[in-house]
Amino acid sequence: MKTDSDLDTAVELETLPGHFIRRLQQIAVAIFLEETGEFGITPVQFAVLQTVRNKPHVDQRTLAGAIGFDTSTTAGVIDRLEARGLLVRKASPDDRRVRLLTLTAEGAQLLDAVLPAVQRTQERILAPLTERQQAEFMKLLRTLVTANNEASRAPTTG
């Protein structure tokens, strides 16, 4: 019977997909911040604003589920965006406990202005790959995320 001391403990990080996924996330955020620096927006703030644009009057819980963030973290992001005048929260006419989100004119203008930088970010991240590889990478990435969604701290719901 093997004991813990008999196990080979030398693991090459380069063989671990999680290591590369973490590194790619670091790189993606760094490139995003380089490209969008003048706008003072984070990737999560962009995701919130774009989701509110795509789904006007979305409630906070649905928004959190759509972007894969827990509701308390999402509430903090919304607080900061609201303080900047980029979106507003209003009570739902059907349930006063539910807060519905809408972009302000300033929020819409910011999204319009930042979108080319966000697009450049995506292009820079994928640039080392051919077009065919980019399509395959995105397909595989979606497959992995979808198949492992329930393992997330905040699974997406939409």
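Our structure's up above, just so we're on the same page.
The text that follows walks through the structure, step by step, so that each part is easy to find.

**Some details on the overall build of the protein**
Consideration 1: Along the backbone of the protein there are six helices and three strands.
Consideration 2: Reading the secondary structure of the protein in the N-to-C direction produces α-α-β-α-α-β-β-α-α.
Consideration 3: For the protein, the C-alpha radius of gyration of 19 Å lies well beyond 15 Å, the compact-globule estimate for 158 residues.
Consideration 4: Counting only C-alpha atoms, the protein reaches 65 × 40 × 25 Å along its principal axes.
Consideration 5: Within the protein, the fraction of its 158 residues that count as buried is 27%.
Consideration 6: Put simply, 54% of the contacts in the protein that link residues at least 6 apart link residues at least 24 apart.
Consideration 7: Here the protein has roughly 10,900 Å² of accessible surface; of this, 56% comes from carbon and sulfur atoms.
Consideration 8: Counting 19 positive and 20 negative side-chain charges, the protein places the centres of these two groups 6 Å from one another.

**Some words on the sheet that holds strand β3 (residues 99-103)**
Consideration 1: The antiparallel open sheet is built from three strands, whose spatial order is β1-β3-β2. Of all the strands in the sheet, just β1 (58-59) and β2 (87-91) have a single pairing partner and so form its edges.
Consideration 2: Packed onto the sheet, helix α2 (residues 43-54) meets β1, β2 and β3 and runs at close to 95° relative to β3.

**Points about the nonpolar core**
Consideration 1: With 22 residues, the main nonpolar core has Ile41, Val48, Leu49, Val52, Leu63 and Leu87 as its most contacted residues.
Consideration 2: Put simply, the parts of the chain that give this core at least two residues each are α2, α3 (60-67), α4 (71-83), β3 and α5 (105-126).
Consideration 3: The element that contributes the greatest number of residues to this core is α5, accounting for five residues.
Consideration 4: Ignoring sequence-local partners within four residues, the contact set of Leu63 consists of Val48, Thr51, Val52, Val58, Thr74, Ile78 and Leu101.

**As for the packing of aromatic side chains**
Consideration 1: With the rule as written, the count across this model stands at one aromatic pair.
Consideration 2: With 6.4 Å between their ring centres and 55° between their planes, Phe32 and Phe46 make a pair best called tilted. In this pair, Phe32 sits in helix α1 (residues 17-36) while Phe46 sits in helix α2, placing the two residues 14 residues apart along the sequence. The two residues Phe32 and Phe46 agree in class, both being buried.

**Notes on the side chain of Gln60**
Consideration 1: Position of Gln60 among the secondary structure elements: in helix α3.
Consideration 2: Apart from the residues lying within four places of it in its own chain, the contact partners of Gln60 are Thr74, Ala75, Ile78, Arg89, Arg99 and Leu101.

**Looking at the packing of α1 against α5**
Consideration 1: With their axes 9 Å apart at the nearest point, α1 and α5 run at an angle of 145° to one another. You can see that α1 and α5 cross each other, and the crossing is right-handed. Within the contact between the two elements, α1 uses Leu24, Ala28, Ile31, Phe32, Glu34, Glu35 and Thr36 and α5 uses Val114, Ala117, Val118, Arg120, Thr121, Arg124 and Ile125.
Consideration 2: Here the contact of α1 with α5 is built from residues that sort into eight nonpolar, two polar and four charged.

**Points about the layout of surface pockets**
The method is simple in principle: a probe with the dimensions of a water molecule rolls over the atoms, and the space it marks as empty is what remains.
Consideration 1: In this model, the largest pocket occupies a volume close to 2,100 Å³.
Consideration 2: If you go around the largest pocket, you meet 43 residues; those closest to its centre are Gln25, Ala28, Ile67, Leu141 and Val145.
Consideration 3: Per-element accounting of the lining of the largest pocket gives the leading share, nine residues, to α1.
Consideration 4: Split by residue class, the lining of the largest pocket holds 26 nonpolar, 13 polar and four charged.

Procedures and definitions
- Residues numbered from 1 in each chain as written.
- Predicted model: local features only at pLDDT ≥ 70, side-chain atom pairs only at ≥ 80, totals over all residues.
- Heavy atoms only, no water.
- Helix = DSSP H or I, 4+ residues; strand = E, 2+ residues; numbered from the N terminus.
- Rg over C-alpha atoms; globule rule 2.2 N^0.38 Å.
- Buried < 20%, exposed > 50% of the residue type's maximum accessible area, 1.4 Å probe, protein only.
- Contact = heavy atoms within 4.5 Å.
- Areas by Shrake-Rupley, 256 points an atom, 1.4 Å probe, with all protein chains shown as cover.
- Lys, Arg positive; Asp, Glu negative; His and termini not counted.
- Charge placed at Lys NZ, Arg CZ, Asp CG, Glu CD.
- Pairing = 2+ DSSP bridges.
- Axes fitted to C-alpha atoms, helices over the stretch in contact; angles between N-to-C directions.
- Core = buried A, V, L, I, M, F, W, Y, C linked by side-chain atoms within 4.5 Å.
- Phe/Tyr/Trp six-rings, centres within 6.5 Å; stacked < 30°, edge-to-face > 60°.
- Left-handed = near helix turned anticlockwise from the far one by under 90°.
- Nonpolar A, V, L, I, M, F, W, Y, C, P; charged D, E, K, R; others polar.
- 1 Å grid on protein atoms, 1.4 Å probe; cavity = no way out; pocket = protein on both sides within 12 Å on 5 of 7 lines; lining within 4 Å.
- Points joined across faces, edges and corners; volume = space filled by probe spheres on them.

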